[in-house]
Amino acid sequence: MKSVLDVAIPACAILVMTVVGLDVSRAELRRVLSRPRLLVAGLVGPLVLLPPIALVVLRFVPMPAEIAAGMLLLAVCPVGGISNVYSYLARAATALSVTLTAASCVAAVVTMPLLTWAFELVLGRPFGFQAPIGTLAAQVFGMLVLPVALGMTVRARAPEFAARHEAGMRKFALAALALLLGFILWSEWTRFIEHVAVTAAASALFVLLAMAAGAVVAQAAGADARERFTLSVEFATRNSAIATVVAITFLGDTRFAVFATTYFFTEAAIAGVAVLAFRRRQAAQVGRSDSGLR
């Protein structure tokens, strides 16, 4: 399984992020960078709010020690790249999502050790790992920055090609992602079902609280509807790949890979519902606007 995932995960991530890049223009990125207040809210908000949310979840959902450790570990991880796909599918602020994801991963080299130190103070016990700098750097540049830059370059230099093939590439990328998740689930089925109820409950509560926190922070930062949606999913989407690498390499516990998979499925299900609801609401607003013009 590991040898397959070592190839499949990076390949799938690169494919998905290249397709995301096809939907981002340089003008959109410049617009994002011209709004530092929103960027600061999207970067600092999760660092301040997600650790307390994780502690609240642990208080109300009894769980085994390894699952509790997994929840805390996810709370200190940077944003997951799949958040860009959620914003892309919702036709929300994709450029904002890409920018926040990249900045969060870069900052994680500093923020992960700081937040784990804070957890140690609150919980009164050692947490015991350091952020994997090499892994973070490789993921940021190899599986996020470069593929997105490639997609943006194709869009800028060959707009007709991008417009003609974007939809097909998007379907292919999402199908590849679904197959990858299905393979992980099939390979680890026994471990998956052992604690699935408590893990899914904890994951769902964390995701919903994180999305609510993101929406509130976005509202306070003066974000529009598309940006509010993007910040809500950025808050909730944690980098399960980095968390799994940390758990296995630094904590020596392969069981966390199962927790990360459960969290990912729970997060994806909730985010999928949110995407559909957002697009339906946006379509309804457009319909009302068209009726008003008539």
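You'll find the structure just up there.
Remember, it's a predicted structure, so these values are computed and weren't measured experimentally.

Asker: What exactly am I supposed to notice about the overall build of the protein here?
Answerer: Helix and strand counts for the protein come out as 13 helices and zero strands. From first element to last, N terminus to C terminus, the protein shows the α and β order α-α-α-α-α-α-α-α-α-α-α-α-α. A buried classification covers 46% of the 294 residues belonging to the protein. Here the analysis covers contacts within the protein between residues at least 6 apart in sequence; of these, 84% occur between residues at least 24 apart. About 13,900 Å² of surface is accessible on the protein, with carbon and sulfur atoms providing 68% of the total.

Asker: Where do I start with the pattern of salt bridges in this structure?
Answerer: Two side chains bearing opposite charge may form a pair once their charged atoms approach each other closely. Tallying each qualifying case throughout the model produces one salt bridge. For the salt bridge of E227 with R35, the shortest nitrogen-to-oxygen distance reads 2.3 Å. Here E227 is found in helix α11 (residues 225-236), whereas its partner R35 is found in the loop between α2 (26-33) and α3 (36-60), with 192 residues between them in sequence.

Asker: Got a minute to help me understand the packing of aromatic side chains in this structure?
Answerer: Aromatic ring pairs are defined here through the distance separating the ring centres and the angle between the ring planes. Across all of its chains, the model carries two aromatic pairs by this definition. Centre to centre, the rings of F206 and Y263 are 6.0 Å apart; their planes meet at 65°, and the pair counts as edge-to-face. Here Y263 lies in helix α13 (residues 256-293) and F206 lies in helix α10 (residues 196-220), a separation of 57 residues in the sequence. Among the residues examined, F206 registers a relative accessible area of 0% and is labelled buried. Residue class for Y263 comes out buried when judged on its relative accessible area of 0%. The ring centre of Y88 lies 5.0 Å from the NZ or CZ of R91, which sits over that ring.

Asker: Please clarify how the packing of helix α5 (residues 82-90) against helix α6 (residues 94-123) should be interpreted in this entry.
Answerer: The relative placement of two packed helices is expressed as an angle between their axes plus a distance between the axes. Following both chains from N to C, one finds α5 and α6 inclined at 175°, their axes separated by 8 Å at the closest point. Comparing their axes, α6 and α5 come out roughly antiparallel. Judged by residue contacts, S83, N84, S87 and Y88 of α5 engage T94, S97, V98 and T101 from α6. Grouping the amino acids of the contact of α5 with α6 by side-chain chemistry returns two nonpolar, six polar and no charged.

Asker: Looking at this structure, how should I read unusual backbone geometry?
Answerer: Across residues other than glycine, the phi torsion is negative in most instances, and most of the peptide bonds are trans. Positive phi outside glycine occurs at R91, with the angle close to 55°. Mapped onto the secondary structure, R91 falls in the loop between α5 and α6. A residue is classified by how much of its surface remains accessible, and R91, at 36% relative accessible area, is partly exposed.

Asker: So what exactly am I meant to see when it comes to the environment of V19 here?
Answerer: Counting through the fold element by element, V19 comes out in helix α1 (residues 2-21). V19 sits 143 residues away from A162 along the chain, and the two C-alpha atoms are 9.3 Å apart. Once residues lying within four places of it in the same chain are set aside, the contact partners of V19 are Y88, E166, M169, R170 and A173.

The rules behind each value
Residues numbered from 1 in each chain as written. Predicted model: local features only at pLDDT ≥ 70, side-chain atom pairs only at ≥ 80, totals over all residues. Heavy atoms only, no water. Helix = DSSP H or I, 4+ residues; strand = E, 2+ residues; numbered from the N terminus. Buried < 20%, exposed > 50% of the residue type's maximum accessible area, 1.4 Å probe, protein only. Contact = heavy atoms within 4.5 Å. Areas by Shrake-Rupley, 256 points an atom, 1.4 Å probe, with all protein chains shown as cover. Salt bridge = Lys/Arg side-chain N within 4 Å of Asp/Glu carboxyl O. Phe/Tyr/Trp six-rings, centres within 6.5 Å; stacked < 30°, edge-to-face > 60°. Lys NZ or Arg CZ within 6 Å of the ring centre and 35° of its normal. Axes fitted to C-alpha atoms, helices over the stretch in contact; angles between N-to-C directions. Parallel < 35°, antiparallel > 145°, perpendicular 65-115°, else oblique. Nonpolar A, V, L, I, M, F, W, Y, C, P; charged D, E, K, R; others polar.

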